[in-house]
Amino acid sequence: MATSKKKTGKQATWGGRFKEGPSELMGRFSESVSFDKKLAPFDIIGSKAHAAMLAKVGLISKAEHAAIRKGLDELDRQIAAGKFTWDTALEDVHMNIEQALLKKTPAAAKLHTARSRNDQVATDVRLYLIDASRQLMRACSSLLAGLVVFAEENQDIFIPGYTHLQRAQPVSVAHHVLAWAQMISRDLERFAKVYANCFVSPLGSGAIAGTTLPIDRAASAREMGFEDAHGQPRLTDNSMDAVADRDPHIEFAFACALCGLHLSRMAEDVILWNSSEVGFIRLPDAFTTGSSLMPQKKNPDSMELIRGKSARLSGNLMTLMMMVKGLPLTYNRDLQEDKPPLFDSHEQLLMCLEVMRETLVGATMNQERTAQAVADPLLLATDLADYLVLKGVPFRQAHHQVGALVALSEKLNLPIDKLPHKDALKCAPKLGKDWTQVFNLKRALAARENPGMPGPKTTKKAIAHWKKQLGL
Ligand code: ARG
């Protein structure tokens, strides 16, 4: 079998014990800079904190610290401006930055004192996840605001609520949309927890067993703002765990996957509402697409893509969990594979949240179709059973009697509320003269004002609560 003979020849940082550099194939196979360059701003924050600590304990001089800091700031700007040339031969973001810094100052050769890429990358990703969680929290809040506005605008429109995709009981559009809001607000809380859990510093754990040098882990933790509510530095407790741990990654990916599932369920509701058969909602042109063949089509692609991308978010979580399964302590190169799924979940979920918001903000309810659907009196069959309960009929019997009324209405081909009173009495002897009033929709909803129910007053209160919470 032909093997790759080409060599990259370059390996500045760990080349000491090697006679030759990695093969061209191995170089291509093992480089991560093509994707982990995304960590650059966080790598620089971590390096600045580490350098400040090295200066504090006297492992580098003040002048060396100043040169390192200045160089890192320059690199930060250069990278942000897209003016940095990444070199795959230097493997990863860490070595690219270190080598570039070396060109600016010889002090760079001291930056990696008492540090390994293992604690470095664990730190970088925590800093990245703090930023990513913050962005996603903001996106969740902004979707929530969109949902609350949509709920408020449509609180007087009623639709059937469904179980088993069968018409069940009437609800307001607001109540349905606020159910989505609950899901997204749990996501927001979940991201807040993921965010808070990231503020623990692995720096100083070294490759696996710390260092013999007199470092001050609390100092670098403080530099990065990794402190508790009392201003105490938060440090990882075990150097082996610190470099092997990928829990923050997995927790983040789980929060993304679950949020994706929520968005997917919302998207499915919207797709159903938008179907020709249901027709409750009209989606904005800007978030739908046409067919290249059928001129009449306006497809809910934004919602379908959200549903599709949610699979990807769950897949990313699975990738991370499988990556650590069966991995011995501590660092193994497998762990380099943690970045693409993390970045992907972050970027894709951010877009999904924005697209969901924009699609709903531009959507309108079709009141003709909703009124038609919610006029089905069978949606209030359960209310009729409740009516009988108030007349003293045990619920099981009331349920049975209303079932008989439904069967009779089917037999006579009459809506249940149009059954002749004397026929109805044969099924349910306790019915009073007023029994058909149960089928008044407004009355039915007004009877549901316990906490969490879809009554209009309760819904108004819920909307007011959300608005206050979101500062709307
Ligand atoms: N690029 C590597 C990663 O993300 C950095 C850590 C490398 N450590 C090592 N021992 N090779 O995992």
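Attention here is on the structure that accompanies the text. (Residues numbered from 1 in each chain as written. Predicted model: local features only at pLDDT ≥ 70, side-chain atom pairs only at ≥ 80, totals over all residues. Heavy atoms only, no water.)

Things to note about the state of the cysteines
In step 1: In the structure shown here, the tally under the stated rule is 0 disulfides.
In step 2: Of the cysteine sulfurs around Cys-256, a residue in no disulfide, the closest is that of Cys-259, at 7.4 Å.
In step 3: Residue classification places Cys-256 among the buried positions, given a relative accessible area of 0%. (Disulfide = S-S within 2.5 Å. Buried < 20%, exposed > 50% of the residue type's maximum accessible area, 1.4 Å probe, protein only.)

Notes on unusual backbone geometry
In step 1: Between Leu-329 and the following residue, Thr-330, the backbone shows a cis peptide bond with an omega angle of 5°.
In step 2: Structurally, the position occupied by Thr-330 is in the loop between helix H11 (301-324) and helix H12 (339-361).
In step 3: Despite not being glycine, Leu-165 shows a phi value in the positive range, around 60°.
In step 4: Residue position: Leu-165 is located in the loop between strand S1 (158-163) and strand S2 (166-172).
In step 5: Unlike most non-glycine residues, Asn-413 shows phi in positive territory, near 55°.
In step 6: Mapped onto the fold, Asn-413 is located in the loop between helix H15 (395-412) and helix H16 (421-427). (Helix = DSSP H or I, 4+ residues; strand = E, 2+ residues; numbered from the N terminus.)

What to know about the site of the ligand
In step 1: Lining the immediate surroundings of the ligand are Ser-32, Asp-36, Asp-92, His-94, Arg-117, Asn-118, Val-121, Tyr-331, Gln-336 and Lys-339.
In step 2: Within the contact set of the ligand, a nitrogen atom lies 2.9 Å away from a side-chain nitrogen or oxygen of Asp-92.
In step 3: Between the ligand and Tyr-331 there is a distance of 2.2 Å, counted from an oxygen atom to a side-chain nitrogen or oxygen.
In step 4: Against a free-state accessible area of 340 Å², the protein chains account for coverage of 87% of the ligand.
In step 5: Class assignment of the residues belonging to the shell around the ligand gives a composition of 2 nonpolar, 4 polar and 4 charged. (Near = heavy atom within 4 Å. Polar contact = N/O pair within 3.5 Å; in protein donor to acceptor, adjacent residues only side chain to side chain. Areas by Shrake-Rupley, 256 points an atom, 1.4 Å probe, with all protein chains shown as cover. Nonpolar A, V, L, I, M, F, W, Y, C, P; charged D, E, K, R; others polar.)

Focus: empty space enclosed by the protein
In step 1: Taken as a whole and assessed by the stated rule, the structure comprises 1 cavity of 30 Å³ or more.
In step 2: The computed volume of the largest cavity comes to approximately 50 Å³.
In step 3: As for the largest cavity, its lining consists of Ala-122, Arg-126, Pro-202, Thr-236, Ala-242, Asp-245, Arg-246, Pro-248 and His-249.
In step 4: Taken together, the residues of the lining of the largest cavity break down into 4 nonpolar, 2 polar and 3 charged. (1 Å grid on protein atoms, 1.4 Å probe; cavity = no way out; pocket = protein on both sides within 12 Å on 5 of 7 lines; lining within 4 Å. Points joined across faces, edges and corners; volume = space filled by probe spheres on them.)

Regarding a negative patch on the surface
In step 1: A contiguous patch of negative charge, built from Asp-237, Asp-241, Asp-247 and Glu-251, is present on the exposed surface.
In step 2: Here Asp-247 lies in helix H10 (residues 247-274). (Patch = residues over 30% accessible without salt bridge, like charges linked within 9 Å, V, L, I, M, F, W, Y side chains within 5 Å. Salt bridge = Lys/Arg side-chain N within 4 Å of Asp/Glu carboxyl O. Lys, Arg positive; Asp, Glu negative; His and termini not counted. Charge placed at Lys NZ, Arg CZ, Asp CG, Glu CD.)

A closer look at the environment of Ile-68
In step 1: For Ile-68, the position within the fold is in helix H4 (residues 62-80).
In step 2: In this structure the C-alpha to C-alpha distance between Ile-68 and Lys-48, which are 20 residues apart in sequence, comes to 7.9 Å.
In step 3: Excluding residues within four positions of it along the chain, Ile-68 makes contact with Ala-51, Ile-60, Leu-101, Thr-105, Ala-107, Ala-108 and Leu-111. (Contact = heavy atoms within 4.5 Å.)

Remarks on the pattern of salt bridges
In step 1: As enumerated under the stated definition, the model contains 24 salt bridges in all.
In step 2: Put simply, Glu-24 and Arg-28 hold a salt bridge, and the shortest N to O gap is 2.9 Å. A residue pair is termed a helical-turn pair when its members lie 3 or 4 positions apart in one helix, as Glu-24 and Arg-28 do in helix H1 (residues 24-30) at 4 residues.
In step 3: Its salt-bridge partner being Glu-74, residue Lys-104 comes within 3.0 Å of it at the nearest N-O pair. Of the two residues, Lys-104 is situated in helix H5 (residues 93-104) and Glu-74 in helix H4; the sequence distance between them amounts to 30 residues.
In step 4: The partly exposed category is assigned to Glu-74, whose relative accessible area is 24%.
In step 5: Here the residues in one salt-bridge network are Glu-91, Asp-92, Arg-117 and Arg-333, joined through shared partners.

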